Each structure stands twice: as C-alpha cells, then as structure tokens.
Amino acid sequence: MRLVIHPLFILVVFVALVFSVVDFFVALTIAVVLHEVVHAMVARKIGAVISCVTLSPFGGVLKLKTNILNLNQKRLIYLSGPIASLFFCMLFGVLVWLFPVIFNYLEYLVVANFLVGIINLIPIYPLDGGKVLALYLPIKYIVIFSNIFMIGLLVFGIITFRWWWIFFAVITLIQINWDFKQSIYYDKFNYVGKPKTGKFVRYAVMSTMPLWHIYHMIDPKHPTEFIVTDNNNKIFYEKDLEHWLLKYDNYITLEHCL
C-alpha cells in the first residue's frame, strides 16, 4: 500500500511553520494517519484491494484497485474513519484525565482526533460524510452543494475576521474541485467540448451483465452508448449508467435497472 502526500498537505505544513503551530499540526497528522489506517483495515477486512492512501490536510483518500463493493460495504468503510477518530479522542481524553502528569502531551491528540472525526462527518465532498451521501444522491449535486457550503463559510469567515475559518474554507474548496476532477466519475462522465471523432463509442451488452462490468467498458475519451442484446434491444447511455451506479450496488445486473 502506497502513501501519497497531497500537494495541499504540503501547503498546510508551510502555514503551520509560519504561524508556529507545529505541535498541533503534528498531532493533526497523527490523527489523520490513524483515521486512514482504520479505513484501510476495514477495507481489507471486507476483501477490498487497496491501491494507495493519499494524505490530505483534514483527512485522507483511500483509493481501491477494485470498486466492486456493495452499498453497505462502502458505507462501512466511509464511516469507520470518523468513528475511529472519535474513539481515539475519547481514549486519549480518558488517559489525560486519569493520568494528567504522564499523558498531558496527549491533549493536542484529543483535540486533533475530535476535529478529524467531526469534520469528516460533514456531508460535503470529498469528506467521508459527503462520500456516504454520494451513495444515495448524484455526485454532481453533492459537489455543487459542497462548493456553496464552503463559499458561505468563507464569506462568514471574512465578515467575522476568523482567519482559520477562511483558511479551512479556501483549502477545502480547492480540494473539493481538485479531487473531483481526478475522480473516476469526472473522468468517465464529463467531457470538455465534443469528442475529436464526433462519434459515440457503441457496445452491445447482455442484460444479465453486472453494472461494474459495463462501467469498465466506458471509453474515458468519448461518449459511450450501449445496446442491450435482449428481445427489446434497448439503448442507454453512460449518463444512465452513472445514475444506476450511484443508486444501486455494483453487482446489480442491468436487467434489474431496465
């Protein structure tokens, strides 16, 4: 499993040095790593193959080599991180409370784990709360809502002169759009202008094929349409497939959707 450092994480390191909050930043980094380790442990437990973990400012991104997971498995992976962070917050808090002289240095970890856990429950992309919400709603609407929410937080921070709120809003806005543009849904379901050939890529598919199998047939450079080889010879497009992938589990067969 590879550990990748998000460019925005490096920016946060620089800000921490400038404002002399290195101690808290170290605690925040530890909290993020613990958060992602639990994500990875749960993913492996249910049989997912992990490609890499990207360390970002307020959490991380767990990338899987296989995305063939049902809705319950995805929800479990996404929620395991925030739950673990809040658990570590309570654990370190109890140690500080019972043994204040020995464990007083853990106070930063209490706060850091609490922030990582609570922030990741916010239903905005690409935080864990937003990923859970994306299991039930189209991702593009969640991204729009996330941008509006963070712009509102940015404006409020500017009006009230809360510089850390401004910093959090700006960093999160960049991450929302940066990560979405590199996601599998953006690559396969969004195109800038018309394809160079001006043609659709067409595939014939069986109605008994699972959604994940059809998904991997999509050409990321050109719009794709599918002709179902059953008695009705129905036609559907990749936008339909996007909707079904967000609504149903990946192993659901095409005939169930049609």
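Keep in mind that what you see is a predicted model, and the values were worked out from it rather than measured.

(A) Layout of the pairing of strand β5 (residues 224-228). The buried count for β5 comes to four of five residues, which makes it a mostly enclosed element. In terms of strand pairing, strand β4 (residues 201-205) meets β5 through five bridges, oriented parallel. If you follow Tyr203 over to β5, its bridge partner there is Phe226. Where β5 meets strand β6 (residues 235-237), three bridges bridge the pair, whose relative direction is antiparallel. Of the residues in β6, the one forming a bridge with Phe226 is Phe236.

(B) Layout of a nonpolar patch on the surface. There is a patch of nonpolar side chains on the surface, built from Leu11, Phe14, Val18, Phe19, Phe156, Trp164 and Trp165 and spanning about 760 Å² of accessible area. Residue assignment for the nonpolar patch shows that the elements contributing at least two residues are α1 (7-18) and α7 (163-181). For the nonpolar patch, the leading source of residues is α1, giving three residues. Its place among the elements puts Val18 in helix α1.

(C) Local environment of the environment of Ser80. Position of Ser80 relative to the elements: it lies in helix α3 (residues 71-98). Among the residues examined, Ser80 registers a relative accessible area of 10% and is labelled buried. Sequence separation between Ser80 and Met41 is 39 residues, and the spatial gap between their C-alpha atoms is 9.4 Å. When neighbours within four sequence positions are excluded, Ser80 is seen to be in contact with Val38, His39 and Val42. Engagement of the side chain of Ser80 in a polar contact is seen with the backbone oxygen of Ile77, the distance being 2.7 Å.

(D) View of the confidence of the model for the protein. Of the residues in the protein, 83% reach a pLDDT of 70 or more, and the chain-wide mean stands at 78. Here helix α8 (residues 184-189) stands out as the element of the protein with the lowest mean pLDDT, 48, in contrast to helix α4 (residues 107-119), whose mean of 89 is the highest. Residue range residues 189-197 is modelled with pLDDT below 50. Its contacts to residues more than four positions away, or to other chains, number 20 contacts.

(E) Spatial organisation of the environment of Lys234. Take Lys234: it is sitting in the loop between β5 and β6. Taking C-alpha positions, Lys234 is 9.6 Å from Ser207, a pair spaced 27 residues apart along the chain. In contact with Lys234, not counting residues within four places along its chain, are Phe226, Ile227, Val228 and Leu258.

Each value, and the rule that gives it
- Residues numbered from 1 in each chain as written.
- Predicted model: local features only at pLDDT ≥ 70, side-chain atom pairs only at ≥ 80, totals over all residues.
- Heavy atoms only, no water.
- Buried < 20%, exposed > 50% of the residue type's maximum accessible area, 1.4 Å probe, protein only.
- Helix = DSSP H or I, 4+ residues; strand = E, 2+ residues; numbered from the N terminus.
- Pairing = 2+ DSSP bridges.
- Patch = residues over 30% accessible without salt bridge, like charges linked within 9 Å, V, L, I, M, F, W, Y side chains within 5 Å.
- Areas by Shrake-Rupley, 256 points an atom, 1.4 Å probe, with all protein chains shown as cover.
- Salt bridge = Lys/Arg side-chain N within 4 Å of Asp/Glu carboxyl O.
- Contact = heavy atoms within 4.5 Å.
- Polar contact = N/O pair within 3.5 Å; in protein donor to acceptor, adjacent residues only side chain to side chain.
- pLDDT = per-residue confidence, 0-100.

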